[in-house]
Amino acid sequence: MLRVHGLTMRYPDGKLALADFDLTVAAGELVVVLGGNGSGKTTLLRCISRTLSPTAGEIWLNEANLGSLSGERLRQTRLPLAMIWQHASLVRRRSVASGALGRYDGLWTALGGLPAVERRAAYDHLSAVGLATLAGQRAATLSGGQAQRVAIARALAQQPQVLLADEPVASLDPEAADDIMRLVRHLATYERLAVLCVLHQVELAYAYADRVVGIRDGRIAFDRPRADLPRDAVRQLYLTAAA
Amino acid sequence: MSSDAAVPRLVERSWAGACGLGLRLVLALVLLAIFVQAAIVVHARPQDLITGARGMADIIRRAVPPDFGKIDMVWWPALETIDLAIFGTVGGVIMALPLAILAAVNVTPSRYLYYAARGVIGFARAVPDLVWALLFVTAVGLGPFPGALALSVHSIGMLGRLFAETIEHMDMAPIDALTLTGARRVQVFTHGIIPSILPSLLGIALYRFDENIRSSLVLGFVGAGGIGFELLSAMSLFQYNSFRFCSLSHSSW
């Protein structure tokens, strides 16, 4: 489903953020990436989504290498890939329903209108994340957890096969964080999405991941099934990062 | 607890840090010198304001009450002035918005277009509206239309610059998120960029409208329409009551 091979990212200032990174995420699998600050986790997701252009490497989404595409071909090929961000990244002045739709056509929707078909779709997506009653509110009025749920609804609107999540619960309280992770787990198990999720909360990784990848200085420190992940390896990951 | 160990450098070396106290003092003196030379060149004599207060009071006294009998002569040029500003502002916004997108470094599709757009915006701003008005009077003749065109083109300079800066300072996370949903460039613009910056754009446009009303007055002096011509005539003929009425009808907007 998603396969990354030899992914390397060197920033213009010379910092090597990712070095020869290999990773595979299968359909229905939830892979959590752990690592200290500045270890390259977010760079990994931004390179895979091609919001950053990697220095080298291949990003295979189904049968297409995103790494070699640009412009309209990249846009078309990337459609099965959705991403949720640390902050929900909704356009704050638009309605929740508009936020849940994400991509839509037409001048009418640009002016704030929602034709019947789009309204139905928005309602369905928001229902899937339990927020249908808030459809008419402005995105700016939502709590952090609600906004993140709308962001997930927006990702679902793409009918994706791969979901990237960059610290989706970083700014949420433990209950809301658990809630969001349960939803993400559900999408992997029942919707058969390949999910690659960056987290800082080790306990959430133990609770929800199928596989855990440790990343240090842009390189893979470990890549193990959750059941086979010693606490020491994780502790070591953060100790090294702090040093 | 104190220590004799050397205190490590706590701040990054920066431009401000590199400038010693002496250099900063010299810079302050240079700025002061620039202001003083400006005061000399403009013959600044604040004391004249006190000695000449009677003259000012006399003009104000002669301008009151305003000559409302001129209303039949003034209402049309007054409306023309407002419409000049409306046309100039709306025309300016329509032309400035696409230029601003090209001139904003975070959304421009090409570096060449960025420099080209910045060049056009800079040129529109550098040429005074009076010069634009003279150019357009030559092209389309006397009347309000050349004035409206002049205001539109000159507005591009300020609106384009401020719109571009607003776009550059906007939060790009929602825009990146929208792009990743597969939105096309136009959709990102209509559904992401515009809603995010709309309040700022409206504020800037309203400020420009206000500026354009003031500018339209001066444009009237060169025959480009509006109440400026009436105001100039009243001033030339020392008809201060008429002048007061004209300026009242202008400033009430």
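Residues numbered from 1 in each chain as written. Chains lettered and ligands numbered in written order. Predicted model: local features only at pLDDT ≥ 70, side-chain atom pairs only at ≥ 80, totals over all residues.

Points about the overall build of chain B
Right, on to step 1. Across its full length, chain B holds 12 helices and zero strands.
Right, on to step 2. In chain B, the succession of α and β elements from N to C terminus is α-α-α-α-α-α-α-α-α-α-α-α.
Right, on to step 3. Counting across all 253 residues of chain B, residues that qualify as buried make up 35%.
Right, on to step 4. Of the contacts made within chain B by residues no fewer than 6 positions apart, 70% connect residues no fewer than 24 positions apart. (Helix = DSSP H or I, 4+ residues; strand = E, 2+ residues; numbered from the N terminus. Buried ≥ 20, exposed ≤ 12 C-beta atoms within 10 Å, placed from the backbone. Contact = placed C-beta atoms within 7 Å.)

Some thoughts on the interface of chain B and chain A
Right, on to step 1. Taken together, the contacts link 16 residues of chain B with 20 residues of chain A.
Right, on to step 2. Those elements giving two or more residues to the side of chain B that touches chain A turn out to be helix 9 (173–180) and helix 10 (185–221) of chain B.
Right, on to step 3. For the side of chain B that touches chain A, the element with the most residues is helix 10 of chain B, which contributes seven residues.

Looking at the packing of helix 5 (residues 71–102) of chain B against helix 8 (residues 144–168) of chain B
Residues and elements named next belong to chain B.
Right, on to step 1. With their axes 6 Å apart at the nearest point, helix 5 and helix 8 run at an angle of 40° to one another. The angle between helix 5 and helix 8 falls in the class oblique. In the crossing of helix 5 with helix 8, the sense of the turn from one axis to the other is right-handed. (Axes fitted to C-alpha atoms, helices over the stretch in contact; angles between N-to-C directions. Parallel < 35°, antiparallel > 145°, perpendicular 65-115°, else oblique. Left-handed = near helix turned anticlockwise from the far one by under 90°.)

What to know about unusual backbone geometry
Residues and elements named next belong to chain A.
Right, on to step 1. Positive phi values are uncommon outside glycine, yet Asn62 reaches one of about 55°.
Right, on to step 2. Take Asn62: it is sitting in the loop between strand 4 (56–61) and strand 5 (64–65).
Right, on to step 3. Accessibility expressed as a C-beta count within 10 Å gives 12 for Asn62, which makes it exposed.
Right, on to step 4. Even without glycine at this site, Glu167 takes up a positive phi of about 45°.
Right, on to step 5. Mapping Glu167 onto the fold places it in the loop between strand 7 (162–166) and helix 7 (174–190).

What to know about the sheet that holds strand 6 (residues 81–84) of chain A
Residue and element names in this part refer to chain A.
Right, on to step 1. Pairing is mixed across the open sheet formed by six strands, whose spatial order is 6-7-8-3-9-10. Since the sheet does not close on itself, it has two edges, and those belong to strand 6 and strand 10 (219–225), each with one partner. For this sheet the average axis-to-axis angle between neighbouring strands, irrespective of direction, equals 15°.
Right, on to step 2. Bridge analysis of strand 9 (residues 211–216) against strand 10 gives six bridges, and the strand direction is antiparallel. Directly across from Arg211, in strand 10, lies its bridge partner Pro225.
Right, on to step 3. The strands touched by helix 6 (residues 144–157) within the sheet are strand 6 and strand 7, with strand 6 carrying the most contacts at an inclination of about 175°. (Pairing = 2+ DSSP bridges.)

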